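# Observations on the model geometry
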Amino acid sequence: MTRDQGSKTMFDVTVAPAQKALDSEPPREPRAYEALVREIGEDGAREVREVFWSETCARLQLFRTLSLAQHQARIAREAHSLKSAAGTFGYVRLAALALALEKTAERLSDVEFRDLLDLMDAAYAAARAQEPPR
């Protein structure tokens, strides 16, 4: 499929800004976790973060099983939850990509949806890689 230089696909409009967020945002903002530790203590923050990792992994897998055409509202809700949770822990790349999915789920093509999920998987992996050793 080709397109002329003057036209833009939905991918250009929605995922390209998400890719810029992925490129420009650090995977993790450490001060966010430090703030959480101040609020609920180290043990509580560690436990909540472990739940976040588990739920995020499950949510990313869930996205891959949902049909965009049939589950746009659910995908948007799940993306909203992911955005909020990722933001709490300072995973800014993942939060930015989840926001992009939340705001564009009803307009994405299947290919754009899968591309955005690939970016989210990469952001998740980058955030996990930046975690301090346990």
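Residues numbered from 1 in each chain as written. Predicted model: local features only at pLDDT ≥ 70, side-chain atom pairs only at ≥ 80, totals over all residues. Heavy atoms only, no water.

## Focus on the overall build of the protein chain
- Each helix and strand in the protein chain was counted, giving 5 helices and 0 strands.
- Expressed as a percentage of the 134 residues in the protein chain, the buried residues total 37%.
- Of the contacts made within the protein chain by residues no fewer than 6 positions apart, 68% connect residues no fewer than 24 positions apart.
- Split by element, the accessible area of the protein chain, about 7,600 Å² in all, is 52% carbon and sulfur. (Helix = DSSP H or I, 4+ residues; strand = E, 2+ residues; numbered from the N terminus. Buried < 20%, exposed > 50% of the residue type's maximum accessible area, 1.4 Å probe, protein only. Contact = heavy atoms within 4.5 Å. Areas by Shrake-Rupley, 256 points an atom, 1.4 Å probe, with all protein chains shown as cover.)

## Some points on the packing of aromatic side chains
- Counting across every chain of the model gives 6 aromatic pairs.
- Grouping aromatic residues by their ring pairs yields a cluster made of F52, W53, F89, Y91 and Y124.
- Taking the ring centre of Y33 as reference, the NZ or CZ of R49 above it sits at 4.0 Å.
- The ring of W53 carries R128 above its face, with NZ or CZ at 4.4 Å from the centroid. (Phe/Tyr/Trp six-rings, centres within 6.5 Å; stacked < 30°, edge-to-face > 60°. Lys NZ or Arg CZ within 6 Å of the ring centre and 35° of its normal.)

## Remarks on the nonpolar core
- Of all hydrophobic cores here, the largest spans 32 residues; its most connected members are F63, L94, L101 and M120.
- Elements supplying a minimum of two residues to this core: α2 (30-65), α3 (72-89), α4 (92-104) and α5 (110-129).
- When residues in this core are grouped by element, the largest group, 8 residues, is from α5.
- The residues touching L101, leaving out its near neighbours within four places in the chain, are F63, I75, A79, L108, F113, L116, L117 and M120. (Core = buried A, V, L, I, M, F, W, Y, C linked by side-chain atoms within 4.5 Å.)

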